[in-house]
Amino acid sequence: MEAVENAPSVIPSRTGVWVGIAAITMSFAAYTSAMLVRESAAPDWQHFQLPSILYWNTLALLASSATLEMARRRLVPPVAAPAARSGRALLAITLVLGLLFVAGQVAAWRALAAQGIYLATGPSASFFYVFTVLHALHLLGGVVGLVVTSARVRADAGVRALAALGSASVYWHFMGALWVYLLAVLTIKM
Amino acid sequence: MDQPSAPKPAGPRETAALIHKLKIEPPQSFIRKHIFSLDHKVIGKQYLDLALVAVLTGMVLSWLMRFHLAFPKSPVPLLSTFAPKGAADGVMTPEMYLAIMTMHGTIMVFFVLTTAPFAGFGNYVLPIQVGAEDMAFPRFNMMSFWVTFTAFLVLVAAFFVPEGPPISGWTAYAPLSAVGKDAGPGLGTGQTLWAISIALFCVGQLLGALNFIATTLDLRTKGMTLARMPFSTWAWFITSVIGLIAFSVLFPACVLLILDRVAGTSFFIPAGLVISDKLQPHSGGSPMLWQHLFWFFGHPEVYIAILPGFGIVSHILPAFLRKPLLGPRVLIACMAAIGLLSYTVWGHHMFLSGMNPVSATLFSVPTLIITIPATISTLLWIGSIYGARIRLTTASLFCLGFVSVFVSGGISGFFLAQPSIDTYLHGTYFVVGHFHFVMGVAAMFGIFAGTYFWFPKMYGRMMNETIGKWHFFLTFIGVYCIFMPMHYLGLAGNVRRYSAFTDDYMQGSLPLHRFITYAALFTGGAQLLFLFNLVYSRLKGPAAPQNPWEATSLEWTIPSPPPVNNFGDVHPVVYHGPNEYGMKGSTGDFVMQNSPEKMEGE
């Protein structure tokens, strides 16, 4: 067999993250269409005031996307030691902001619960909890992704490790974009 | 036909990829080697073994149903031991019949027709056919299998909970599936287990689809252009794109169903529903919403089951016809068109759901249009036989059988696609005959063809051809005896989902039901030949050469069975398409994909 020492052409994590994003987009499109159908199915849709902390959470999440990009630019080789240090610090800030967002979402759920609005209170509340809980779970997946890929970059800042961090970053930014979309939907429908 | 071309010099993308090169060390421990393996070949075999266990379970369930339909008052030996509530005197209750029907459908559609042709063979063969060492994400691949396996265990656990499995069918229509145990046996814990199982299954298949897509797009070896990919790889790729979208919608549907069941929400349960004299504490939900979400997945699922069969048959047939398949690019376009159109036809399952009749017409038109690419594919397979020097092996017989049952089942689809005719036929055995032929049996024939074809590569031993041919002919005759009469039963108005026809106007159908039952037992018995052949050949079959079928694709350029890293630390270079049969090459009447030789006329 004639063969060469060249491997296939691209780094799969770059494709993989976009395929994953396609699947998540499709599933949230399904939830959204389910919401529209459910809203028109019966006259029991109740409007309620969204907890204001959601907007602060949004700011935290968007800020985390910015710090993540700043971190990534400092970690691309050739990396000087001070740049690597500030890069790692910015990554840590990104993760803290991400976890703050999740904590803020928990606070929003508690605020609604204090008003007597639970998962099964009505269809609008059901969709509010479904959207926000599932988004938070996906975001926690992003936290794991960032921790794992940044640890890999720290061990060996090779092309593959940097590409994996890049893919985790794309996912993180997508989580931000998805949240902005969900917040818009919630603001309109709730 | 592709022109052979010399590989281009390595560019920057290739340089980056050098770093990507996988370093695959053979695993040492038993657990890493055979259980939690990252090797796509082991994972493929695990999927196939899971499908084998599932298909045997599903087949026994179908025998129980068929026995009851033919002899509704006769006890089944030992049944009362296994189901003291559902069959106290050995004769199953109507509820138990529905529970068995639900589990048969769920197990067969998800854990056989999806896992074997797509996840099983796809996992084993796709990376080798594109010239890769493994899947793009081996850890996700391993997770994909174990999540699917867990889903199977969760589903089977429904047999062992006090009220047994759910009775709402494999489609789990709401509100029956959503309201809980008040609605009947199995609709408590059993139905919740069903929903959790299917949600897990979605996760497993999404991880699989992610791997298939990334591997096909990114890990193709040098010279393996999209046009040179084998038909089977094309089919798995298209199927994974369909699956990615379909399972991304079924998962949310299951999440909402689980919430309706355990958290008191009202996504699918309407207001004012009284069940067992109890007003349900729900309001405003839409049962139609479940049907839309389910069938948006459910119809593409039909193609998830059958398109790998298209690919397997298109890949295998030319090797035994010893000539190229007609219209290779047309065939790929047809498969892609089927994939695309599969998302426009889901409403044809809902003609009788109370949907707006205008919508019914809108869904009817693409349903008829989708028959065009399916028909073209069929004509390409049949047309390819003209002038062939056919080698009638078991694998090629199953390919021809695939075409036959696909056509037989497909033709009845023309009738069902029209709302006015479907109104009469929808609730009858006509539909049962139709989908078993076109989706069940055709996909099974694809699985059998794939097994007889790739077994030598997978296990390094040949299967017994004499037993294989007996298996084919008995199965071929058997399935026609089972499913063809169902069409006539349906035309005569024989309703489906009923457990017995002893006390009503359908009594006259009993002799035909008995004939179908005998045929089902006969066909099931014929599968013992297959099982024996599998086990015996795995242990005692003659050693398989590297390329026993004189086929062209890359899996036949490496030893049988292949080493852990498939190509032994090097990457093959591809010069030809997979369809180069009937050519004059140094290897005979075919040219291997990695052969640098030029063919006549080039």
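Keep in mind the model is a prediction, meaning the values are calculated, not measured.

(A) A look at the overall build of chain A. If you tally the helices and strands in chain A, you get five helices and one strand. In chain A, the succession of helices and strands from N to C terminus is β-α-α-α-α-α. Along the three orthogonal principal directions, the C-alpha set of chain A runs to about 65 × 45 × 20 Å. Among the 190 residues that make up chain A, the fraction classed as buried is 38%. Taking the intrachain contacts of chain A between residues at least 6 apart in sequence as the baseline, contacts between residues at least 24 apart amount to 79%.

(B) Expanded view of the overall build of chain B. Regarding its fold elements, chain B presents 18 helices and five strands. A globule of 602 residues ought to have a C-alpha radius of gyration of about 25 Å, and chain B, at 24 Å, matches this closely. Expressed as lengths along the three principal axes of its C-alpha atoms, the size of chain B is roughly 75 × 50 × 50 Å. Across chain B, the fraction of contacts at a sequence separation of at least 24, relative to all contacts at a separation of at least 6, is 79%.

(C) Examining the nonpolar core more closely. Residues B:A442 and B:A449 are the most contacted members of the largest nonpolar core, which totals 224 residues. Ignoring sequence-local partners within four residues, the contact set of B:A442 consists of B:I306, B:G309, B:F402, B:V405, B:F406, B:G409 and B:F437.

(D) Focus on unusual backbone geometry. Residue and element names in this part refer to chain B. Cis geometry is adopted by the peptide bond preceding P175, which originates at A174 and carries an omega value of 5°. Its identity is not glycine, yet A172 carries a phi of approximately 45°, on the positive side. With respect to the secondary-structure elements, A172 resides in the loop between α7 (138-157) and α8 (189-218). Classification of A172 by C-beta neighbours within 10 Å gives buried; the count is 23. Even without a glycine there, the phi angle at D277 is positive, about 65°.

(E) Representation of the packing of helix α2 (residues 53-75) of chain A against helix α3 (residues 81-114) of chain A in the model. All names here are of chain A. At a minimum axis distance of 8 Å, the contact between α2 and α3 shows a crossing angle of 165°. One finds that α2 runs roughly antiparallel with respect to α3. The way α2 lies across α3 gives a crossing that is left-handed. Residue composition of the contact of α2 with α3, by class: 21 nonpolar, nine polar and one charged.

(F) Up close: the pairing of strand β4 (residues 581-585) of chain B. Residue and element names in this part refer to chain B. Pairing geometry for β4 and strand β5 (residues 588-590), over two bridges, is antiparallel. Residue G585 lies in a different strand from β5, and its bridge partner there is G588. Hairpin connection of β4 to β5: two residues between the antiparallel strands.

(G) Looking closely at the packing of helix α17 (residues 465-491) of chain B against helix α18 (residues 510-540) of chain B. Residues and elements named next belong to chain B. Between α17 and α18, whose axes approach to 8 Å, the crossing angle comes to 155°. Classified by the angle between their axes, α17 and α18 sit roughly antiparallel to one another. Every pair of crossing elements has a handedness; the one defined by α17 and α18 is left-handed. Residues that form the contact of α17 with α18 fall into these classes: 19 nonpolar, six polar and no charged.

(H) Structural context of the environment of B:L38. All names here are of chain B. Following the sequence through the fold, L38 ends up in the loop between α2 (30-35) and α3 (40-70). Accessibility expressed as a C-beta count within 10 Å gives 18 for L38, which makes it partly exposed. Considered as a pair, L38 and H315 are 277 residues apart in the sequence and their alpha carbons are 26 Å apart. Setting aside chain neighbours within four positions, we find L38 in contact with P138, R139 and M142.

(I) Representation of the confidence of the model for chain A in the model. Residues and elements named next belong to chain A. Taken over all residues, the pLDDT of chain A has a mean of 89, while the share at 70 or more is 94%. By mean pLDDT, the top-scoring element of chain A is helix α1 (residues 12-41) (94), and the lowest-scoring one is strand β1 (residues 3-4) (44). The model gives residues 1-9 a pLDDT under 50, and that stretch makes 35 contacts with residues more than four places away or in other chains.

(J) Molecular detail of the environment of B:A519. Residues and elements named next belong to chain B. In this structure, A519 sits in helix α18. When the 20 C-beta atoms within 10 Å are taken as the criterion, A519 is described as buried. With 76 residues separating them along the chain, A519 and S595 place their C-alpha atoms 48 Å apart. If near-sequence neighbours (up to four positions away) are discounted, A519 is found in contact with G478, C481 and I482.

(K) How the structure looks around helix α5 (residues 94-112) of chain B. Compared with an ideal rise of 1.5 Å per residue, which puts 19 residues at 27 Å, α5(B) spans 26 Å between its outermost C-alpha atoms and is within 8% of the ideal. Burial runs high along α5(B): 16 of the 19 residues are buried.

(L) Representation of α7(B) within the structure. All names here are of chain B. End to end, α7 covers 29 Å across 20 residues, agreeing with the expected 28 Å (1.5 Å per residue, within 8%). The complete set of buried residues in α7 reads N141, M142, S144, F145, T148, A151, F152 and L155. In this structure, the buried side of α7 is in contact with α3, α5, α6 (115-129) and α8.

(M) Expanded view of the confidence of the model for chain B. Residue and element names in this part refer to chain B. Scored by pLDDT, chain B comes out at a mean of 91, with 95% of its residues at no less than 70. Highest mean pLDDT in chain B belongs to α17 (97); lowest belongs to helix α1 (residues 12-20) (38). Below pLDDT 50 for its whole length, residues 1-22 participates in 36 contacts with residues either more than four positions away or in separate chains. For this predicted complex, the interface confidence reaches an ipTM of 0.92, while the overall pTM sits at 0.93.

Each value, and the rule that gives it
- Here the residue numbers are simple positions, counted from 1 along each chain's written sequence.
- Naming scheme: in the order in which they are written, chains are lettered from A and ligands are numbered from 1.
- Given that this is a predicted model, residues contribute local features only at a pLDDT of at least 70 and side-chain atom pairs are listed and counted only at 80 or more, while totals for whole chains, interfaces and linings are drawn from all residues.
- Where helices and strands are cited, they refer to DSSP runs of H or I of at least four residues and of E of at least two residues respectively, numbered from the N terminus.
- Neighbour counting defines burial: a residue surrounded by 20 or more other C-beta atoms within 10 Å of its own C-beta is buried, one with 12 or fewer is exposed, and intermediate counts give partly exposed, using backbone-placed C-beta atoms.
- Contact criterion: two residues are in contact if their C-beta atoms, reconstructed from the backbone, are within 7 Å.
- The globule rule is 2.2 Å times the number of residues to the power 0.38, and the radius of gyration it is compared with is taken over C-alpha atoms.
- Only buried Ala, Val, Leu, Ile, Met, Phe, Trp, Tyr and Cys residues enter a nonpolar core, and they are joined through C-beta atoms within 7 Å.
- To obtain an axis, a line is fitted to C-alpha atoms, over the contacting stretch when the element is a helix, and the angle between two such axes runs from 0 to 180 degrees between their N-to-C directions.
- Oblique is the label for any angle not under 35 degrees, not over 145, and not in the 65 to 115 range, which are roughly parallel, roughly antiparallel and roughly perpendicular in turn.
- Rotating anticlockwise by less than a right angle from the far helix to the near helix defines a left-handed crossing, while the corresponding clockwise rotation defines a right-handed one.
- In this classification, the charged set is Asp, Glu, Lys and Arg, the nonpolar set is Ala, Val, Leu, Ile, Met, Phe, Trp, Tyr, Cys and Pro, and all remaining amino acids, among them Gly, are polar.
- Think of it this way: DSSP has to see at least two bridges between two strands before they count as a pair.
- Values of pLDDT, which run from 0 to 100, indicate the predictor's confidence residue by residue.
- In this scheme, a helix's expected span is set at 1.5 Å multiplied by one less than its residue total.

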